[in-house]
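Remarks on the overall topology
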Amino acid sequence: MIAPHLKKPPIYRVIIIQLLITVLAALVLWLHSTVVAYSALLGGLASLLPNAYLVSNAFAYSGARAAQKIARSFYKGEAGKLILTAMIFALVFIFVKPLNVFALFGIFIVVQMVNWFTAWIIKF
């Protein structure tokens, strides 16, 4: 349950920035090669989608009375994030041929690096 007087943090901005970086990187890399572009797109999505799952779980509750639910939702969200990330990479490696692994992991890492700036992003 969300306390009506508490405002949710604008963490969704991080997901939007991750999406923008993913799409822009794929578009720029498309000039190099289609394989590199879709590999980059998949790498960004492998980071973005699990992060979106974590955010949707982690901020489902607020308020001091929901402290146990908040902690539980963070653990559930983080566990789900790790499982989703592993599943996405497994599916990509099984079904996507040809694949540029440098673009896949490169954009995955770049999108993950957005998390370093979360405090700054939600502040503005």
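Each residue is numbered by its place in its chain's sequence as written, counting from 1. Totals for whole chains, interfaces and linings use every residue, but because this is a predicted model, local features are given only for residues with pLDDT of at least 70 and side-chain atom pairs only at 80 or more, for both listing and counting. Only hydrogens and water are set aside; all other atoms, that is, all heavy atoms of the structure, feed into the side-chain values.

Helix and strand labels come from DSSP, where a helix needs a run of H or I of at least four residues and a strand needs a run of E of at least two; each type is numbered from the N terminus. Within the chain one finds five helices and zero strands. Along the chain, helices (α) and strands (β) appear in the sequence α-α-α-α-α when read from the amino end. Along the three orthogonal principal directions, the C-alpha set of the chain runs to about 50 × 30 × 20 Å. Out of the 124 residues in the chain, the part that is buried amounts to 35%. To be clear on the numbers: accessible area is Shrake-Rupley with a 1.4 Å probe, and residue cover counts the displayed protein chains and nothing else. By element, 77% of the accessible surface of the chain is carried by carbon and sulfur atoms, the whole surface being about 8,000 Å². Note on exposure labels: buried denotes an accessible area under 20% of the residue type's maximum, exposed denotes more than 50%, and partly exposed covers the range between, all computed with a 1.4 Å probe on protein chains only.

With that out of the way, let us pick up the packing of helix α3 (residues 67-95) against helix α4 (residues 101-113). In this analysis an axis means a line fitted to C-alpha atoms, helices contributing only their contacting stretch, and an angle means the value between N-to-C directions, from 0 to 180 degrees. One way to put it is that α3 packs onto α4 with a least axis distance of 12 Å and a crossing angle of 160°. As the angle between them shows, α3 and α4 are arranged roughly antiparallel. Like other packed secondary-structure pairs, α3 and α4 cross with a definite hand, here right-handed. Seen from α3, the contacting residues are Lys 81, Thr 85, Phe 89, Val 92 and Phe 93; seen from α4, they are Val 101, Leu 104, Phe 105, Phe 108 and Gln 112. By the definition adopted for this analysis, an angle is roughly parallel if under 35 degrees, roughly antiparallel if over 145, roughly perpendicular if from 65 to 115, and oblique otherwise. Each crossing gets its handedness from the near helix: less than a right angle anticlockwise from the far helix is left-handed, clockwise is right-handed. It only takes one pair of heavy atoms within 4.5 Å for two residues to be counted as in contact.

Looking at where Leu 82 falls in the secondary structure, it is placed in helix α3. For the pair Leu 82 and Ala 46, spaced 36 residues apart in sequence, the C-alpha to C-alpha distance is 10 Å.

Next up on the list: helix α1 (residues 12-30). An α-helical turn contains 3.6 residues, so a residue and the one three or four places further along point in the same direction. Along its 19 residues, α1 runs 27 Å from first to last C-alpha, staying within 8% of the 27 Å computed at 1.5 Å per residue. Burial in α1 covers these residues: Val 14, Ile 15, Gln 18, Thr 22, Ala 25 and Ala 26. The buried residues of α1 occupy an angular sector of 100° when projected down its axis, which confines them to one face. Every exposed residue of α1 that faces more than 90 degrees away from the buried side is listed here: Leu 24 and Val 28. Expected span, for any helix, means 1.5 Å times one less than how many residues it has. What the arc covers is the set of directions going from the helix axis to the C-beta atoms.

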